[in-house]
Each structure stands twice: as C-alpha cells, then as structure tokens.
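Working through the structure, step by step
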There are 2 protein chains.
Amino acid sequence: MKITSRFTVAVHTLLVIYHFEGKEKTTSEFIAASVNVNPVVIRRALLSLKAAGMVEVKAGSGGASIVKDLKDITLFDVYRAVDSVDGDIFHFHENPNPACAVGKNIHAVLDTHLADAQRALENELKKVTLYDLTQDLERRL
Amino acid sequence: MKITSRFTVAVHTLLVIYHFEGKEKTTSEFIAASVNVNPVVIRRALLSLKAAGMVEVKAGSGGASIVKDLKDITLFDVYRAVDSVDGDIFHFHENPNPACAVGKNIHAVLDTHLADAQRALENELKKVTLYDLTQDLERRL
DNA sequence: AAATGATGTAATGTCAAGCATTACATCATT
DNA sequence: AATGATGTAATGCTTGACATTACATCATTT
C-alpha cells in the first residue's frame, strides 16, 4: 500500500555521497549511519544506483562516488532505479466475471484512467533533479 | 506497495448497481458474482460507500441503490471513501540521523516533492466521474 | 409472529512483501 | 599476507491485505 522506502533511502544515499565526497570515506556503513538502517540496505541501494549509472562503488577499498551530473538525475530516475513500483501502482481485483456486462468491461473502462493517474505521479517526480535537492539542502545548513 | 483493490472493487460495485438497478436485486451476493470476490468484501465496500453518502443499502430486505448523482462522484471520491491510502503514499525511512547534516534535513528537502507527486495522482482521479465510466461502458455493450 | 433472506461485523487463517540482520565469500589496497 | 570493504545469499520477523466462516440483527412476507 505504500511505495517502498528503498526510494527515499536511495535519494538519501545520493545526497550523503554528494555532501561528504572528499571529506569522508563514503562507505555503506558511513551512509547507513546517516540513513539509520543496516549497511546491507545501503549496499543494495548502491547496487541499483550503480546499475543505473549514477554511482561508482569501489569494491575492496570501499567508498562510493557520483559519476553522473546530478542535474541529469531526477527523482523519477531514482524511483525507477530502485524499482519502487513493479508494474502498476493500483491493485486491480483479479478475476472480474466475464459473463457479466460490467465484469467483462471493467478493465477497458478503468485501466486508462488508472494509468493516467500513475503517470501524473511519475511526471511530477521527473520535475525535480537531485541537483535541486542539494541546493535546497545547502540553503538549510 | 500497491494501492488496495478495495478501490477498484468499489468502483466496480457502483457500476454494477447502476447497471442492474431495477432489473435485478442488487444484493451483496449478486454484486460479488460480477466482481468475483466474497460477498463480505462487497458488504464492506457498500458500508464505505454508504458512509460517503453514495449509496443506500436496505438491511433485511436486501439490495443497494445509488443515492447521489454519478456526475458528482469522481474516482477520487471513491478512492477516499474506501481509504485506499492511509496518509502518505510514499514510505519514508523512519529515523534519519539528526546528527548528520543530510539526515537532519532530508525530510524538509523531500517531503514537499513527495506530497506534490501524490497530489498529482489524486488530482488525476478527480477528473473522472462515475458518470463518465457508465457512458464509456454503454458504448462498449 | 414465525420464517425467510439479506445485511452488519467480528474473528480467524493464509499469504505475500518488505525490512532487518547475520554470515561469508570476494575483492582491492596496504 | 592482512585488512577493510563490498556483493549476495539466507533467514526470521512483522505487517497488511485478502478470503472466509460464523452469527447476530434486521425488514419483509406469509
């Protein structure tokens, strides 16, 4: 019923790396201390972000760094990178009765509207870049 | 991770009542046959729709009827009536570290954007009335 | 007023998803 | 080689939704 916290965790992770890169060793453990979750959760987030080409992670020596311009990463990109939603956000009841006029057509009648709503949410996430967030963050320090 | 099927079930329920009112006795069992769920699920949906002033349910004798103009009921109204989402649609990680510059401000930086996205989804649902759906349904018969 | 048929609602079991955590093999650097 | 970190599997826990059973209550009909 809620969109997985992997999403906010991943955003948080990127901001920590950006903020502390160069000053601190941005290991999964260090990041985990800011997010306040188990380091494994951060490693998984980093794997997703790495697969999406946003960060680089040094195995062995440790530490993550950002390898893509934050102006080119939107909240939607992160949302996608960590698979915040698999498929549709609305859960449709499984087997409407095809022998009923309503049951037979309920999908045809509803699906596009549900998809529109989901798209509206996602489009909103596309409007915000990670760079925007870092600027907002700076302003608050 | 998905919005409860109570929502699509409730929409389906309203359409069944509208479509069969007068022709069939629209009991929870009858509706359940079209939606293909347990009648109790329909009764619960009807309770919510009744509380929202959309339907009337005859206890004892049985059968539900619509008591509000379908042009005045949007998908959002139904979504709300059945409590599709409790509070926020995004799940934020619980305890960001307040001793960290990022952890301390992550909520301030993210919350409004997440709220905007949720609002975008909900606004989209406000654009569609149940009447629109019945018209679309008619066209397909 | 009894019988019927439906609703209102509590209680329970099941199942899946997400999260947290442990453990350990692997890797790069010192 | 030793160290310190990542990659990843495995496990247990908890929560939430859904399905179902059961039954008291109610309105109508006979």
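The sections below set out a description of the structure shown in this document. (Residues numbered from 1 in each chain as written. Chains lettered and ligands numbered in written order. Predicted model: local features only at pLDDT ≥ 70, side-chain atom pairs only at ≥ 80, totals over all residues. Heavy atoms only, no water.)

The next subject is the interface of chain B and chain A. Counting residues at the interface gives 55 residues for chain B and 55 residues for chain A. Taken together, the two surfaces of chain B and chain A that pack against each other cover about 4900 Å², and 70% of this comes from carbon and sulfur. Here chain B is connected to chain A by zero salt bridges. The interface formed by chain B and chain A holds 14 residue pairs in polar contact (both at pLDDT 80 or more) in total. Listed by contribution, the elements that provide at least two residues to the side of chain B that touches chain A are helix 1 (6-20), helix 2 (28-35), helix 5 (101-126) and helix 6 (130-139) of chain B. For the side of chain B that touches chain A, the leading source of residues is helix 5 of chain B, giving 17 residues. Considering only residue class, the side of chain B that touches chain A consists of 32 nonpolar, 16 polar and seven charged. (Contact = heavy atoms within 4.5 Å. Buried area = accessible area lost by both parts, 1.4 Å probe. Salt bridge = Lys/Arg side-chain N within 4 Å of Asp/Glu carboxyl O. Polar contact = N/O pair within 3.5 Å; in protein donor to acceptor, adjacent residues only side chain to side chain. Helix = DSSP H or I, 4+ residues; strand = E, 2+ residues; numbered from the N terminus. Nonpolar A, V, L, I, M, F, W, Y, C, P; charged D, E, K, R; others polar.)

This brings us to helix 6 of chain B. Because an α-helix packs 3.6 residues into every turn, residues spaced three or four apart end up facing the same way. For helix 6 of chain B, the full list of buried residues reads Leu 130, Leu 133, Thr 134, Asp 136 and Leu 137 of chain B. Projection of helix 6 of chain B onto a plane perpendicular to its axis shows the buried side chains occupying an angular sector of 160°, all on one side. If you follow the buried residues of helix 6 of chain B, they end up packed against helix 5 (101-126) of chain A together with helix 1 and helix 4 (75-81) of chain B. (Buried < 20%, exposed > 50% of the residue type's maximum accessible area, 1.4 Å probe, protein only. Arc of directions from axis to C-beta.)

This part takes up the pattern of salt bridges. All names here are of chain A. If you walk through the whole model with that rule in mind, you get 10 salt bridges over all chains. Two residues, Asp 136 and Arg 140, come together in a salt bridge whose shortest N-O distance is 3.2 Å. Judged by its relative accessible area of 40%, Arg 140 is partly exposed. Bridged by salt links that share partners, the residues Asp 136, Arg 139 and Arg 140 form one connected network.

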